[in-house]
Amino acid sequence: MSQPAALIVDDERDIRELLAITLGRMGLRVDTAADVSQAKARLAEARYTLCFTDMMLPDGSGLQIVEWIAAKYPQTPVAMITAHGNVDAAVTALKAGAFDFVSKPVDIAILRRLVQAALKLAEEKSADAPKSDASRLLGDSPAMTQLRATIGKLARSQAPVYISGESGVGKELVARLIHEQGPRAAAAFVPVNCGAIPAELMESEFFGHMRGSFTGAQADKIGLFQAAAGGTLFLDEVADLPVHMQVKLLRVIQEKAVRPIGGRAELPVDVRILCATHKNLASLVEAGQFRQDLYYRINVIELRVPPLRERREDVPKLAGRILDRLAKNSGAASARLSPEALDALLRYSFPGNVRELENVLERAVALCENNMIVADDLQLATRARAPASISAPPSAAPEEDDDGLDDDAAEVGLGSYISNLEREAIMKALQETRYNKTAAAKKLGITFRAMRYKLKKLGID
């Protein structure tokens, strides 16, 4: 393999020399340019593994170089050199297609990690070997084909990505695929549910703490940012972050450094941040519940994961894969869907998306006879059925009833009521048959297998 080469574009000679020396010690051949026109000439003459460009240049902007490389030399990662604290410029560069950014004065450790990430990316491109199995994101619908293609593009960048979508669509899987297909794949992928960490422990969990910094801190502890060093930190349900943590997270993104509780110095961190939530962040910003400046930092690129009702043609393939997995886990033969059951699934709107489909099929496998799932085994709620056509338009968001409660909230109460009725009926049948489960099932008009499932579901011994 030929020696990797880098192009440095900056009108300050000291910066060019510093970067040239640092990259040269890493085994790269280095060319330099002082302005946009020189940079374009160098790019036309040689092929570069990566490029660094300053934002402000005598004859134009570094953004021109970013856009030029993206259009003419898409295989070359380009990083923007920005003034200290000028995060707006960095965000603009990332949106234009920059691989990453580094602030002046240049931190050599951060620079080295950035170069290593770019070199890994170049190796993967030349080998043309993806590092993850994107087939885990099942579906042949246009929406899923586009989603997989977009994931491949985003994996090559280091820009923060905001993954939006309803609960159960697979946002964490999308985040994992972005990580696994990029240059950070060999490092850690650290997922964290922001709504599951108590507010009083958040700062310690995210940034770590020093021994003796507070009562109970008996030893040093690294935070989630340090645990994800060199890799990816996935902040799920980021909308649940309290305001004080939103401020601290913004600073970490801007400074690329954390200060543990009780620590005297900030520690540089090299982490790519991916965020997700099922809530509407833009609406929360308008309501003053989420900081606008943080929203713009994490939402450099938004990736929407479509709900299952918008890709109904994927349901048969998804269902088949889920049934095969359930059979493998249980060691039994795979259950099959009757035509009527499949039609019922295609008509259902799946408010809980893929996660709900998994739950529906797991329940149906427990209820079905002879490994054949019929429509009644699915126990789908009538309210969520959609028009028969697979290509029917997506259903609208649930409307509120006159009592101010949405259908999902009403269903929770109804489900509890029905469960109580089932429990009473089953207990009565058991008592009348002296706890003979087979006889009780017959008395209730259900199969013994269904009886076992309900006993387990209702917690009846």
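Since the structure is predicted, the reported quantities are computational estimates derived from the model, not experimental observations.

### Some remarks on the overall build of the protein
- A tally of helices and strands in the protein yields 19 helices and 16 strands.
- Expressed as a percentage of the 461 residues in the protein, the buried residues total 45%.
- Here the contacts in the protein between residues at least 6 apart in sequence split such that 69% fall between residues at least 24 apart.
- Surface accessibility of the protein: about 23,000 Å² in total, with carbon and sulfur atoms responsible for 50%.

### Description of the sheet that holds strand β2 (residues 29–33)
- Spatial ordering of the open sheet is given by β2-β1-β3-β6-β7, a layout of five strands whose pairing is parallel. At either margin of the open sheet sits one strand with a lone partner, and together these are β2 and β7 (100–103). Looking at each pair of strands side by side, their axes are set apart by 20° on average, direction ignored.
- Across four bridges, the pairing between strand β1 (residues 5–9) and strand β3 (residues 50–54) is parallel. Its bridge partner being in β3, A6 is matched across the sheet by L50.
- Packed on one face of the sheet, helix α2 (residues 36–45) meets β1 and β2 and runs near 145° to β2.

### Side note on the sheet that holds strand β10 (residues 232–236)
- Spatially, five strands are ordered β9-β10-β13-β8-β14 in an open sheet, and the strand pairing comes out parallel. The sheet is open, and its two edges are formed by β9 (189–193) and β14 (301–304), each paired on a single side. On average, each strand axis in the sheet is tilted by 20° relative to the strand beside it, whichever way the strands run.
- Pairing geometry for β9 and β10, over five bridges, is parallel.

### Details of unusual backbone geometry
- K104 connects to P105 through a cis peptide bond whose omega is -5°.
- Along the chain, the position of P105 falls in the loop between β7 and α5 (108–127).
- Unlike most non-glycine residues, F350 shows phi in positive territory, near 50°.
- Of note, F350 is situated in the loop between α14 (339–347) and α15 (353–367).
- Positive phi is not limited to glycine here, since N371 has a value of about 60°.
- Within the secondary structure layout, N371 lies in the loop between α15 and β16 (372–373).

### So, the packing of aromatic side chains
- Here the structure, examined in full by the defined rule, presents six aromatic pairs.
- Taking the centre distance of 6.1 Å and the plane angle of 20° together, the rings of F189 and F234 count as stacked. Here the residue F189 occupies a position in strand β9, and F234 occupies one in strand β10, the gap between them amounting to 45 residues. The two residues F189 and F234 agree in class, both being buried.

### Some points on the pairing of β1
- Of all five residues that make up β1, five are buried, and the element is covered over most of its length.
- Here β1 shows no split at all, with A5, L7 and V9 on one side and A6 and I8 on the other all buried.
- In this structure, β1 lies alongside β2, joined through five bridges in parallel fashion. Bridge pairing links I8 to T32 in β2.

### Considering the environment of S37
- With respect to the helices and strands, the residue S37 is situated in helix α2.
- Between the alpha carbons of S37 and I65 there is a distance of 9.4 Å; along the sequence they are 28 residues apart.

### Some points on the packing of helix α6 (residues 142–155) against helix α7 (residues 171–180)
- Contact geometry for α6 and α7: axes closest at 8 Å, N-to-C directions at 45°. In terms of orientation, α6 lies oblique with respect to α7. Of the two possible hands of crossing, α6 and α7 adopt the one that is right-handed. Residue-level inspection shows L147, I151, L154 and A155 of α6 in contact with α7, the latter providing V174, L177 and I178.
- Looking at side-chain class alone, the contact of α6 with α7 contains seven nonpolar, no polar and no charged residues.

### Structural notes on α7
- Counting buried positions along α7 yields seven of 10 residues, so the element is predominantly enclosed.
- By the burial criterion, the buried members of α7 are K171, V174, A175, L177, I178, H179 and E180.
- Looking at the packing, one finds that the buried side of α7 touches α6, β8 (161–164), β9, β10, β13 (272–277) and β14.

### Focus on the state of the cysteines
- One pass over the full model with this rule turns up zero disulfides.
- Unpaired in this structure, C194 has its nearest cysteine sulfur neighbour in C275, at a distance of 7.2 Å.
- Taking relative accessible area as the criterion, C194 reaches 1% and is therefore assigned buried.

### Some thoughts on the pattern of salt bridges
- Applying the stated criterion across every chain yields a total of 20 salt bridges.
- R113 is paired through a salt bridge with D270; the nearest N and O atoms lie 3.9 Å apart. With R113 in helix α5 and D270 in the loop between β12 (267–268) and β13, the pair connects residues that are 157 residues apart, well separated along the chain.
- Looking at R113, the relative accessible area reads 26%, which means it is partly exposed.
- The network of salt bridges with shared partners includes D10, E12, D54 and K104.

### Examining α6
- The terminal C-alpha atoms of α6, which comprises 14 residues, lie 20 Å apart, in line with the 20 Å expected from a rise of 1.5 Å per residue.
- Tucked into the core, α6 has its buried residues touching β8, α7, β13 and β14.

### Section: the pairing of β7
- Here β7 shows no split at all, with D100 and V102 on one side and F101 and S103 on the other all buried.
- As defined by bridge partners, strand β6 (residues 78–82) adjoins β7 across four bridges and the pair is classed as parallel. Residue T82 lies in a different strand from β7, and its bridge partner there is S103.

About the cut-offs
Residues numbered from 1 in each chain as written. Predicted model: local features only at pLDDT ≥ 70, side-chain atom pairs only at ≥ 80, totals over all residues. Heavy atoms only, no water. Helix = DSSP H or I, 4+ residues; strand = E, 2+ residues; numbered from the N terminus. Buried < 20%, exposed > 50% of the residue type's maximum accessible area, 1.4 Å probe, protein only. Contact = heavy atoms within 4.5 Å. Areas by Shrake-Rupley, 256 points an atom, 1.4 Å probe, with all protein chains shown as cover. Pairing = 2+ DSSP bridges. Axes fitted to C-alpha atoms, helices over the stretch in contact; angles between N-to-C directions. Phe/Tyr/Trp six-rings, centres within 6.5 Å; stacked < 30°, edge-to-face > 60°. Parallel < 35°, antiparallel > 145°, perpendicular 65-115°, else oblique. Left-handed = near helix turned anticlockwise from the far one by under 90°. Nonpolar A, V, L, I, M, F, W, Y, C, P; charged D, E, K, R; others polar. Disulfide = S-S within 2.5 Å. Salt bridge = Lys/Arg side-chain N within 4 Å of Asp/Glu carboxyl O. Expected span 1.5 Å × (residues − 1).

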